[in-house]
Amino acid sequence: MTPAYRWPPRHAPGFPPDCPDAGDVLARFAAAGDRTATLVVVTSGLRARVEDSGDHEAGLDRVRRSLAAVGRAAGDGWQPGYYGKDLVLVRAATDGPDEPPPAPLAAGDGGVRHGWAWGHVPLPGDADERRTALLRACYAVAMAARLRRDRPELPQRRAADALARVPELLSARATAALLAGVLVRPLDGHPAQPGAADGEDPRLPGVASADGLPALAAAPPARGLYAVTDVHDIEWGTRSRAGDGALLTRGNARELLPLAEAWHAARTPVDELVRRAYPSRARREALLAGHLRALSDGVAGAGRLFATLGDGLSGVVSDAEALRTAVAAANRWSEGQMHSGAGAAPLDGPDLDAARRRAHFSLHVTKTLKGTEHGQRVLHVYGQPLGPDAAEAAVAFLADLDAAGPGAPGAHHLAHALRWRNDWRRHLSPSRFACLERVLPATGRTLPAG
């Protein structure tokens, strides 16, 4: 069986070449025997970079290059590890219990907004227990880093001190969303849990690493479809739009909402909160890994999908039906828990970037149809018009977001739609143009990233 962690460390997928995987780095540190660690997590504001760059993958690339610059600047005393859109720095504790580490942890590239937090972590027991302690601490410190990213006025204190202020700063719903933040690396190396093989994402055994995508981009196939997938409403789940409002999938923030409400009501100590929340997050991350593996397996023989987007995949498939079948199978596998949609665009010559941008628009179309019964909620292929009923549902979704205002959940979908206004006109019948114009006027309007 492939080990869950390795040394020398594997590369963190999607990051610049000198960025090791955080899980491998932390496991190695735990095995070294130090009894106290200073742990820092640096996170980043991704959505604004997505809007600046025009698409998700380009925005994520900017964020990761900036994090790599932060890691290089931290100094020789730190062991950096990378995952998703976070940087983890660890070293044997040499500071006082309340002394923040003296490192240039906020210096990045490209105007990316970062937040960082730190903590001193006791490491008792054997190597497995120390690794688990580090992973759980990463969860808490990453939450504090997100909080400080969004509220830079908070003083630079230990992660636990920052999190203790959450009940006075956030609503219970916003607290649940914070608790649902991505783990640094949830796989715990249990013997019954297979690790990732060569060429697979260390966090997602069985799913191809994003590092395989550049080779595809360098020599794209002459025919086929560029495809991109995404889990819809991974935090709060998807409700039916058939009239009954039934909850079709249960999001990870919704699962943690009772714990967030209890935290607000009783001011649960932070350590106890993390102890209770971490297993839930680990289960959801394991579910996500299985869902994405089902998607990846579903296109075997008809293309390949790579783990590029956190909760989504991208790559090339030979035909739309193979992709539709794979998405439907993965959605059945995680029925009631999470569903994905997929966007695809025909490859037209060597310009893979153009196909990728079009596929992201088509993925956006599936998001406007989530919760409906329309077939294009599962897969939309760029260039295929929406039928009258699907078009009405899509425009109604955007109109509802417009009416809800910029601070409402999901407002970023409207920002995407405004950027893709011309693509919407291409895929809607002229009878829908007037309604689209009210929501997405040609001039005179800009929207926040959400």
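Residues numbered from 1 in each chain as written. Predicted model: local features only at pLDDT ≥ 70, side-chain atom pairs only at ≥ 80, totals over all residues. Heavy atoms only, no water.

**Some remarks on the overall build of the protein**
Definition in use: Secondary structure counts use DSSP, requiring at least four H or I residues in a row for a helix and at least two E residues in a row for a strand, with both numbered from the N terminus. Only C-alpha atoms enter the radius of gyration; for comparison, a globular chain is expected to reach 2.2 Å times N to the power 0.38, where N is the number of residues. Here the term buried applies to any residue with accessible area under 20% of the maximum for its type, exposed to any over 50%, and partly exposed to those in between, with areas from a 1.4 Å probe on protein chains only. Contacts: residue pairs with any heavy atoms within 4.5 Å of one another. Residue exposure ignores everything except the shown protein chains as possible cover, and the areas themselves are Shrake-Rupley values with a 1.4 Å probe.
Looking only at helices and strands, the protein features 16 helices and eleven strands. Rg of the C-alpha trace for the protein: 22 Å, near the compact-globule value of 22 Å for 450 residues, within the 12% margin. With respect to the three principal axes, the spread of C-alpha positions in the protein is 65 × 45 × 40 Å. Among the 450 residues that make up the protein, the fraction classed as buried is 55%. Looking at the protein alone, contacts between residues at least 24 apart form 68% of all its contacts between residues at least 6 apart. When the accessible surface of the protein is split by element, carbon and sulfur atoms take 52% of a total near 18300 Å².

**Thoughts on the sheet that holds strand 6 (residues 204-209)**
What counts here: A pair of strands is considered paired only if DSSP assigns at least 2 bridges between the two. Axis definition: a line fit to C-alpha positions, over the contact stretch in the case of helices; interaxial angles, taken between N-to-C directions, run 0 to 180 degrees.
One open sheet holds the seven strands; their spatial order is 5-6-8-9-7-10-11, and the pairing between them is mixed. Where the open sheet ends on each side, the last strands, each with one partner, are strand 5 (200-201) and strand 11 (379-381). Bridge count between strand 6 and strand 8 (residues 303-307): two bridges; the pairing is parallel. Among the inter-strand pairings, Ser209 is bridged to a residue of strand 8, identified as Ala307. Of the strands in this sheet, strand 7 (225-231), strand 10 (340-346) and strand 11 are in contact with helix 12 (residues 352-368), which crosses strand 10 at around 145°.

**Regarding the layout of surface pockets**
Going by this rule: Method remark: on a 1 Å grid restricted to protein atoms, a set of points is classed as a cavity if a 1.4 Å probe fits but cannot get out and as a pocket if it is open with protein on both sides within 12 Å along at least five of seven lines; lining residues have an atom within 4 Å of a point. Grid points are joined across faces, edges and corners, and a volume is the space filled by probe spheres set on the points.
Volume-wise, the second largest pocket comes out at about 530 Å³. Those elements that provide at least two residues to the lining of the second largest pocket are strand 4 (114-122), helix 4 (127-150), helix 5 (159-163) and helix 10 (270-298). Of the residues forming the lining of the second largest pocket, the biggest block, seven residues, is contributed by helix 4.

**A closer look at the packing of aromatic side chains**
Just so we agree on the cut-off: The criterion for an aromatic pair is that two Phe, Tyr or Trp rings (for Trp, the six-membered ring) have centres within 6.5 Å, with stacked assigned to planes under 30 degrees apart, edge-to-face to planes over 60 apart and tilted to the rest.
Here the structure, examined in full by the defined rule, presents five aromatic pairs. Pairing Phe15 with Tyr82 gives two aromatic rings, centres 5.2 Å apart and planes at 50°, and the pair type is tilted. Highlighted residues: Phe15 in the segment before helix 1 (22-32) and Tyr82 in strand 2 (residues 79-83), separated in sequence by 67 residues. Tyr82 shares its class with Phe15; the two are buried. Their ring planes at 80° and their centres at 5.4 Å tell us that Phe361 and Trp424 sit as a pair that is edge-to-face. Taken together, the residues Phe361 in helix 12 and Trp424 in helix 15 (residues 421-427) connect sequence positions 63 residues apart. Overall, the relative accessible area of 0% leaves Phe361 in the buried class.

**A few points about the nonpolar core**
Applicable threshold: The term nonpolar core refers to a set of buried residues drawn from Ala, Val, Leu, Ile, Met, Phe, Trp, Tyr and Cys, joined through side-chain atoms within 4.5 Å.
With 55 residues, the main nonpolar core has Leu26, Leu39, Val90, Leu134, Tyr139, Leu163 and Leu179 as its most contacted residues. Take this core: its biggest share by element is 13 residues, from helix 4. The contacts of Leu163, once residues within four sequence positions are left out, are Ala140, Met143, Ala144, Leu178, Trp263 and Val270. Within the second largest apolar cluster, 37 residues are counted, among which are Val365, Ala417, Leu436 and Val439.

**Observations regarding empty space enclosed by the protein**
Here is the rule: When residues are sorted by character, Ala, Val, Leu, Ile, Met, Phe, Trp, Tyr, Cys and Pro go into the nonpolar class, Asp, Glu, Lys and Arg into the charged class, and all the rest, Gly among them, into the polar class.
Summed over the entire model, instances satisfying the criterion amount to three cavities of 30 Å³ or more. Computed from the structure, the second largest cavity encloses a volume of approximately 30 Å³. When its residues are assigned to classes, the lining of the second largest cavity shows three nonpolar, no polar and three charged.

**Concerning the side chain of Asp86**
So the rule is basically this: Nitrogen and oxygen atoms within 3.5 Å of one another constitute a polar contact, given that in protein one can donate a hydrogen and the other can accept it, and given that sequence-neighbouring residues count only through two side-chain atoms.
With respect to the helices and strands, Asp86 occurs in strand 3 (residues 86-92). Note on Asp86: relative accessible area 2%, which makes it buried. A distance of 3.2 Å separates polar atoms of two side chains, one belonging to Asp86 and the other to Arg146. Contacts of Asp86, omitting those with residues within four sequence positions, involve Phe15, Val41, Val42, Thr43, Leu67, Gly81, Ala142 and Arg146.

**Thoughts on helix 13 (residues 388-404)**
Stated formally: Expected helix span is taken as 1.5 Å per residue step, with the number of steps being one fewer than the number of residues.
Look at helix 13: 24 Å from first C-alpha to last across 17 residues, which is about the 24 Å you get at 1.5 Å a residue. Here helix 13 has its buried residues at Ala390, Ala391, Ala393, Ala394, Val395, Phe397, Leu398 and Leu401. Those residues of helix 13 hidden inside the fold are in contact with helix 12, helix 14 (411-419), helix 15 and helix 16 (433-439). Downstream of helix 13 by one or two residues, Gly405 has phi in the positive range, about 95°.

**A few points about the environment of Arg281**
Within the element layout of this structure, Arg281 appears in helix 10. C-alpha of Arg281 to C-alpha of Leu256: the two residues are 25 residues apart in sequence and 8.8 Å apart in space. At a separation of 3.2 Å, a polar atom in the side chain of Arg281 contacts the main-chain carbonyl oxygen of Gly181.

**Brief notes about the pairing of strand 4**
For strand 4, the buried fraction is high: seven of the nine residues fall into the buried class. Bridging between strand 1 (residues 36-44) and strand 4 involves nine bridges; their strand directions are antiparallel. Paired with Val41 across the bridge in strand 4 is Ala117.

**As for the sheet that holds strand 3**
With respect to topology, four strands assemble into an open sheet ordered 2-3-1-4, the strand pairing being antiparallel. Edge positions in the sheet fall to strand 2 and strand 4, since each of these pairs with one other strand and no more. Adjacent strand axes in the sheet meet at a mean angle of 20°, parallel and antiparallel pairs treated alike.

**Let's talk about the confidence of the model for the protein**
So the rule is basically this: pLDDT runs from 0 to 100 and stands for how confident the predictor is about each residue.
The pLDDT averaged across the protein works out to 87; a share of 90% of its residues lies at or above 70. Considering each helix and strand of the protein separately, the mean pLDDT is smallest for helix 2 (residues 46-53), with a value of 57, and largest for strand 11, with 98.

**Here's the deal with the pattern of salt bridges**
We count it as follows: In what follows, salt bridge is the name for a side-chain nitrogen of Lys or Arg lying within 4 Å of a carboxyl oxygen of Asp or Glu.
Counted by the stated rule, this structure contains 19 salt bridges. A salt bridge links Arg72 to Asp18, with the nearest nitrogen and oxygen atoms 2.8 Å apart. Within this pair, whereas Arg72 is found in helix 3 (residues 56-73), its partner Asp18 is found in the segment before helix 1, the two being separated by 54 residues in sequence. For Arg72, a relative accessible area of 49% corresponds to the partly exposed category. Look at Asp18 and you get partly exposed, because its relative accessible area is 45%. By sharing partners, the salt bridges in this structure join Arg113, Arg149 and Asp150 into a single network.

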